[in-house]
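Residues per chain, in single letters:
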Amino acid sequence: MLVLLKKESLVTHLFLRPKDPEQETWQGRRLGLESACEALSIDQAWSVDELDEGVLELLENIESVYFSFSQISEWLDPVSDWIGRLKQKVRQGISAPNKMCDLDDILHEQRLFKSAEEISRMRQAAQISVKGHLAAMATVLPGKFEFQVQAELEAAFVREGSPRVAFSSIVAGGHNACILHYTENRDEIKNGDLVLVDAGAEWQGYAGDITTTFPANGKFSSSQAILYSLVLKAQQAAISVIQPGVAFNVVHETSVKVLTQGLIDLGILKGELKTLIKNESYKRFFMHGTGHWLGMDVHDVGAYKHNQAWREFKPGMVVTVEPGLYISAEHSDMDSQWHNIGIRIEDDILVTDKGHEVLTVGLPRTVAEIEAQMSVFSALR
Ligand code: GLY
Ligand code: MN
Ligand code: MN
């Protein structure tokens, strides 16, 4: 437990497990109190055994206690107990805190804006994720199982030093790509399938989040190529609007507009662009948002609106851009050429002073680039 105590200056206190050779033989190494100050840049280390009395002492003559209200059930009992006990010390001239405050908004706002150090970690998380996706593309063939592709993808992450995935990897062939949170990854990939891979590596506490979609046999069918190019057009249009001062929802509105117009042009949606957008007809094929904040968590913390208004981008924010189209065979009213095509294209974008930077550069993205890359991988086999 970390206590940041602000009186005249800020003093950091950490309560942690003391060293214990016998326990460490069973459970693994402990940092211990002696090394903690230097290793973690804190001012004072305490044993967890001293937690109750120690925090009680630290809270003496403090006005406000901040803790995360998203973990309020965990903190309310101990904090009320400490405050109650301090109130009984009033005759000794000791005062108890009189405010409990939510730490979430403060912390979440700090997490939304990345420092130079955080940006370099996110760049690395993104680039390790790129390597994993390339490894996945290199291994895909009709007849492989989705979990075998997942194994190569995640092996590449680990080889690059990533300790864990940032979230459960999705490797979805054919109709499975139309299930947004498909993580079973257990089916055989068939000739003619598109493969959708949504995966990211974690690096020094920060997440990458990339989706690639490519043909199992190395060549897009014409229907697949048409829909893929439409999603890519929507993604590139959406990325291109990102710059300081633009509101978060403009990214989604941009991708919705391109996708809806494209679906009209293909005869898949019928009607006026404005009306189809207004009554959300596109949601039949594009049912999720275009992106989210990215950082220590994949769907990272941070407010999307301030006073009911979508907030504007500012330098240091990182956002994903991930439009998609999903047409399962359930859409029996549709021409079967579109059936079982699930496509999503996702990149991680840093807002910079003048515009944006794509952190996840290095992947083949157009139909031609993907087919060329797949044929290189095939020649290397
Ligand atoms: N991988 C989760 C997401 O793209 O939001
Ligand atoms: Mn995402
Ligand atoms: Mn993703």
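Residues numbered from 1 in each chain as written. Chains lettered and ligands numbered in written order. Predicted model: local features only at pLDDT ≥ 70, side-chain atom pairs only at ≥ 80, totals over all residues. Heavy atoms only, no water.

## Overview of the packing of aromatic side chains
Then comes step 1: Across all of its chains, the model carries 10 aromatic pairs by this definition.
Then comes step 2: Ring centres of F220 and Y228 lie 5.1 Å apart, and the angle between their planes is 50 degrees; on these two criteria the pair is classed as tilted. Here F220 matches Y228 in class, with each residue buried.
Then comes step 3: Both rings, one in F248 and one in W293, keep their centres 5.1 Å apart while their planes meet at 55 degrees; by these two values the pair is tilted. On the criterion of sequence distance, the pair formed by F248 in the loop between helix 8 (222-240) and helix 9 (249-265) and W293 in the loop between helix 10 (273-278) and strand 11 (305-306) is long-range, its members being 45 residues apart. As far as burial versus exposure is concerned, F248 and W293 are alike and both buried.
Then comes step 4: In textbook terms, an aromatic cluster arises when at least three aromatic residues are bridged by ring pairs, as seen for F248, W293, Y304, W310 and F313.
Then comes step 5: Seen from the ring of W310, K305 lies directly overhead, with NZ or CZ sitting 4.6 Å from the centre. (Phe/Tyr/Trp six-rings, centres within 6.5 Å; stacked < 30°, edge-to-face > 60°. Buried < 20%, exposed > 50% of the residue type's maximum accessible area, 1.4 Å probe, protein only. Helix = DSSP H or I, 4+ residues; strand = E, 2+ residues; numbered from the N terminus. Lys NZ or Arg CZ within 6 Å of the ring centre and 35° of its normal.)

## Some words on the sheet that holds strand 13 (residues 318-321)
Then comes step 1: Spatial strand order, 13-16-17: three strands in an open sheet with antiparallel pairing. Because the sheet does not close on itself, it has two edges, and the strands there are strand 13 and strand 17 (356-358). Along the sheet, successive strands turn relative to each other by an average axial angle of 30 degrees, direction set aside.
Then comes step 2: In this structure, strand 13 lies alongside strand 16 (residues 347-351), joined through four bridges in antiparallel fashion. Bridging across to strand 16, V318 finds its partner in L350. (Pairing = 2+ DSSP bridges. Axes fitted to C-alpha atoms, helices over the stretch in contact; angles between N-to-C directions.)

## Some words on the coordination of the manganese ion (ligand 2)
Then comes step 1: With distances of 2.0 to 2.2 Å, the protein atoms coordinating the manganese ion (ligand 2) are D209 (OD), H292 (NE2), E322 (OE) and E346 (OE).
Then comes step 2: The site at the manganese ion (ligand 2) holds six donor atoms, and with the angles between them running 50 to 155 degrees, its shape is irregular.
Then comes step 3: All donor residues of the manganese ion (ligand 2) come from one chain, and their arrangement in sequence is D-x82-H-x29-E-x23-E.
Then comes step 4: The distance between the manganese ion (ligand 2) and the manganese ion (ligand 3) comes to 3.3 Å, with D209 serving as a donor to both metals. Of this pair, H292 sits in the loop between helix 10 and strand 11 while E322 is found in the loop between strand 13 and strand 14 (324-327), placing the two residues 30 residues apart along the sequence. For the residue pair H292 and E322, the accessibility class agrees, reading buried in each case. (Donors = N, O, S within 2.8 Å, 3.2 Å for Na, K, Ca; no water. Tetrahedral: all angles 85-135°; square planar, octahedral: opposite > 155°, others 65-115°.)

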